[in-house]
Amino acid sequence: MERISFVGLGVVGLITQVCFASRGYYTIGVDSDEQKLRTLRSGNLPFHEPQLRELFDEAKINVKFSDDIDYAIENSRLTFITVGTPSKPDGCIDLTQIMHVCRAIGRALRNKSEYHGVVVKSTIVPSTTDNVIKRILEEESNKNIGKDFGLVVNPEFLREGTGVNDTFHPHLLVIGSSDKRSQEELERLWLEFYNKDAPVILMTNCVNAELIKYANNAFLATKVSFINSIANICQKFDGADVEKVAKAIGMDPRIGPLFLKAGPGYGGSCLRKDVKALISVSQAIGFYPTLLMAVDQVNELQPMQVVELAKSVLGDLKGKIIAILGVAFKKDTDDMREAPSIKIIRHLLQHGAKVRAHDPMALESLKKIFGGEIIYAKNKFECLTNADCCVILTEWDEYKSMKPDDFVKYMKTPCIIDGRRIYNANDFVHSTKYFAIGLKPDKEQLTNTYKIKNQRKRRLE
Ligand code: UDX
């Protein structure tokens, strides 16, 4: 079986490496972060990802970690580039890391006599492979693409939280290259990896492969900003509920049901960054991307909907204790990158609220952002205790299973702002004050807190 190396051990790099290792491939993971390498070498993972731990334990024999690109190139036949391409302040992507590793890979290739495949998995704006990566690799290696080494764009569609499953069962593989041999070599590898369960493989050129990734994420972001706009409209009409609207339009096969969940806006390491990068690259080539700019703008403003809801429910936020359930950008991850919770907490603090937060996985990351400014609860009930209001910002299963009585029992006033629409409003409105994104606040709900609480308390006693 092929020996494969991975340069950049973030979510995509490490998950892909471990998945290959679990199928018997000998793998070398390269990263420049010594702390991360120490964590991995001691058998631990630098982030939480369902199923990865078990797979890592099983596949350890096929997994090696190093900070040395020369060693990785020498001891593998194929290298996946999986380093980050973060946003610069103006939205365009920062190619520093990718250029750095390409130079190092190019230099290492100079000393290699056998053919070596280079596969770009990092998300890069259109034409980067042809105009930047190819040039660097050829210059540094003094060798030719197609003859001495291969170069392919193979974008990644895996989601955090379901990354292992997405790697084993992708909806599509895209292989972009200008060189037939490189394409065929990678296709062969993936067919071997998937054995009988190979997904559809789309062969194209590099620029299309690069664009497919951006178009994919931009469309997903558009769906979320679209449904969030509808949610904001729903919030103004008596009886309107975005959940009902989303369910109905999702039944139209031309629309589809996924990515129509209204909430506090999309977060995570990709969607926001990729939309901004596509805007930036469009402007650079003289196209004004009106739609993408609106998608981005809706998302920048969406967290404020939650803050506004809190203000309409609680009035003056000064001194009010607000319990935040969930801060990760979505469930099943400890990732706080671009999480809407950050903006929301910041605004609540600016309005004088006292914030107490809980998350099953992401509290350590939250502490790095807010330090002593907020209180960190050990569990969801501690978080609720004596709070004036509870705001749900991540759809963790342990919150979904909570009952109205849990809120009544612990909170000063059982008042919920469901930022993720995890509850059925009808189950809550009788015993708590229940408000949600995309649901117009009921006038009665806005006024009868204490009555509800006292009735409920009496019933519990
Ligand atoms: C995304 C893409 O889905 C994936 O294909 C790509 O490779 C990387 O970027 P990820 O960032 O892991 O994956 O998360 P995703 O599941 O796409 O969710 C992104 C954000 O959108 C989350 O904050 C999520 O809560 C939000 N979202 C998603 C909604 O608010 N509503 C929805 O209906 C779906």
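Worth saying up front: this structure is predicted, and the values here are computed from it rather than measured.

Caption draft 1: The arrangement of the overall build of the protein in detail. Counting its regular elements, the protein contains 20 helices and 14 strands. Over its C-alpha atoms the protein spans a radius of gyration of 25 Å, differing by no more than 12% from the 23 Å that the globule rule assigns to 461 residues. Taking the principal axes of the C-alpha coordinates as reference, the protein spans close to 80 × 50 × 40 Å. Within the span of the protein, comprising 461 residues, buried residues form 56% of the whole. Within the protein, counting contacts between residues at least 6 apart in sequence, those at least 24 apart form 71% of the total.

Caption draft 2: Structural view of the nonpolar core. Of all hydrophobic cores here, the largest spans 63 residues; its most connected members are I324, L325, L348, L366, F407, I417 and Y423. The element best represented in this core is helix α12 (residues 290-314), accounting for six residues. In this structure L348 touches V307, A310, L317, I322, I324, A353 and V355, once residues within four positions along its chain are discounted. Residues I98, Y214, L278 and L292 belong to the second largest nonpolar core, which totals 40 residues.

Caption draft 3: Molecular detail of the site of the ligand. Around the ligand sit 19 residues, and of these F157, E160, K261, K330 and R420 come closest. Within the contact set of the ligand, an oxygen atom lies 2.8 Å away from a backbone nitrogen or oxygen of F157. Within the backbone of E160, a nitrogen or oxygen atom sits 2.7 Å from an oxygen atom of the ligand. In isolation the ligand has 660 Å² of accessible area, and contact with the protein removes 92% of it. Sorting elements by how many residues they give to the shell around the ligand places helix α9 (residues 206-234) first, with four residues. Partitioned by chemical class, the residues of the shell around the ligand number 10 nonpolar, two polar and seven charged.

Caption draft 4: Spatial organisation of the packing of α9 against α12. The interhelical angle for the contact between α9 and α12, taken along N-to-C directions, is 50°, at an axis separation of 9 Å. What the angle tells us is that α9 and α12 run oblique. Along this stretch, α9 crosses α12, giving a crossing that reads as left-handed. Mapping the contact onto sequence places A218, A221, T222, S225, N228, S229 and N232 in α9 and L292, V295, V298, N299, Q302 and Q305 in α12. A breakdown of the residues in the contact of α9 with α12 according to their chemical character gives five nonpolar, eight polar and no charged.

Caption draft 5: Fine view of the pattern of salt bridges. Going through the model one piece at a time under the given rule, you end up with 32 salt bridges. Measuring nitrogen to oxygen at the nearest pair gives 3.5 Å for the salt bridge that ties R77 to E2. Of the two residues, R77 is situated in the loop between α4 (69-74) and β4 (78-81) and E2 in the segment before β1 (3-7); the sequence distance between them amounts to 75 residues. Taking relative accessible area as the criterion, R77 reaches 30% and is therefore assigned partly exposed. Accessibility expressed as a relative area gives 23% for E2, which makes it partly exposed. Two residues, R77 and E185, come together in a salt bridge whose shortest N-O distance is 2.8 Å. Highlighted residues: R77 in the loop between α4 and β4 and E185 in helix α8 (residues 180-194), separated in sequence by 108 residues. The class for E185 is buried, based on a relative accessible area of 13%.

Caption draft 6: The arrangement of the packing of aromatic side chains in detail. Counted by the stated rule, this structure contains 18 aromatic pairs. Taking the centre distance of 6.0 Å and the plane angle of 80° together, the rings of F407 and Y423 count as edge-to-face. Of the two residues, F407 is situated in helix α17 (residues 404-410) and Y423 in the loop between β13 (415-418) and α18 (425-428); the sequence distance between them amounts to 16 residues. In this structure, K60 is placed above the aromatic ring of F56, and the distance from its NZ or CZ to the ring centre is 5.6 Å. Across from the ring centre of Y115, 3.6 Å away, lies the NZ or CZ of R181, which sits over that ring.

Caption draft 7: Representation of the side chain of R421 in the model. As for its placement among the helices and strands, R421 is situated in the loop between β13 and α18. At 2.9 Å, the side chain of R421 forms a polar contact with the backbone oxygen of I437. If sequence neighbours within four positions are ignored, R421 has contacts with D241, V242, E243, K261, A262, Y434, A436, I437, G438 and L439.

Caption draft 8: Here's a closer look at helix α6 (residues 128-141). For α6, with 14 residues, the first-to-last C-alpha span of 18 Å sits near the 20 Å given by 1.5 Å per residue. The largest bend in α6 comes to about 30°, at K134. At its buried positions, α6 is contacted by α5 (96-110), β5 (116-120), β6 (149-153) and α9. N142 sits one or two residues past α6 and shows a positive phi near 60°.

Caption draft 9: Structural view of the pairing of β1. Counting buried positions along β1 gives four out of five residues, so the element sits mostly inside the fold. The pairing of β1 with strand β2 (residues 26-30) spans five bridges and is classified as parallel. Bridging from a neighbouring strand, I4 pairs with T27 of β2. Crossover β1 to β2 through helix α1 (residues 11-22) is right-handed.

Caption draft 10: Summary view of unusual backbone geometry. With phi around 60°, N142 is a residue other than glycine that occupies positive phi space. Residue position: N142 is located in the loop between α6 and β6. Overall, the relative accessible area of 67% leaves N142 in the exposed class. Phi at R421 takes a positive value of approximately 50°, unusual for a residue other than glycine.

Caption draft 11: Spatial organisation of the side chain of S280. For S280, the location among the structural elements is in helix α11 (residues 271-284). Apart from the residues within four sequence positions on either side, S280 is in contact with D90, G91 and C92.

Here is what the cut-offs are and how they apply
- Residues numbered from 1 in each chain as written.
- Predicted model: local features only at pLDDT ≥ 70, side-chain atom pairs only at ≥ 80, totals over all residues.
- Heavy atoms only, no water.
- Helix = DSSP H or I, 4+ residues; strand = E, 2+ residues; numbered from the N terminus.
- Rg over C-alpha atoms; globule rule 2.2 N^0.38 Å.
- Buried < 20%, exposed > 50% of the residue type's maximum accessible area, 1.4 Å probe, protein only.
- Contact = heavy atoms within 4.5 Å.
- Core = buried A, V, L, I, M, F, W, Y, C linked by side-chain atoms within 4.5 Å.
- Near = heavy atom within 4 Å.
- Polar contact = N/O pair within 3.5 Å; in protein donor to acceptor, adjacent residues only side chain to side chain.
- Areas by Shrake-Rupley, 256 points an atom, 1.4 Å probe, with all protein chains shown as cover.
- Nonpolar A, V, L, I, M, F, W, Y, C, P; charged D, E, K, R; others polar.
- Axes fitted to C-alpha atoms, helices over the stretch in contact; angles between N-to-C directions.
- Parallel < 35°, antiparallel > 145°, perpendicular 65-115°, else oblique.
- Left-handed = near helix turned anticlockwise from the far one by under 90°.
- Salt bridge = Lys/Arg side-chain N within 4 Å of Asp/Glu carboxyl O.
- Phe/Tyr/Trp six-rings, centres within 6.5 Å; stacked < 30°, edge-to-face > 60°.
- Lys NZ or Arg CZ within 6 Å of the ring centre and 35° of its normal.
- Expected span 1.5 Å × (residues − 1).
- Bend = angle between axes of the 7 residues up to and from the residue.
- Pairing = 2+ DSSP bridges.
- Right-handed = clockwise from strand over helix to strand, strands pointing away.

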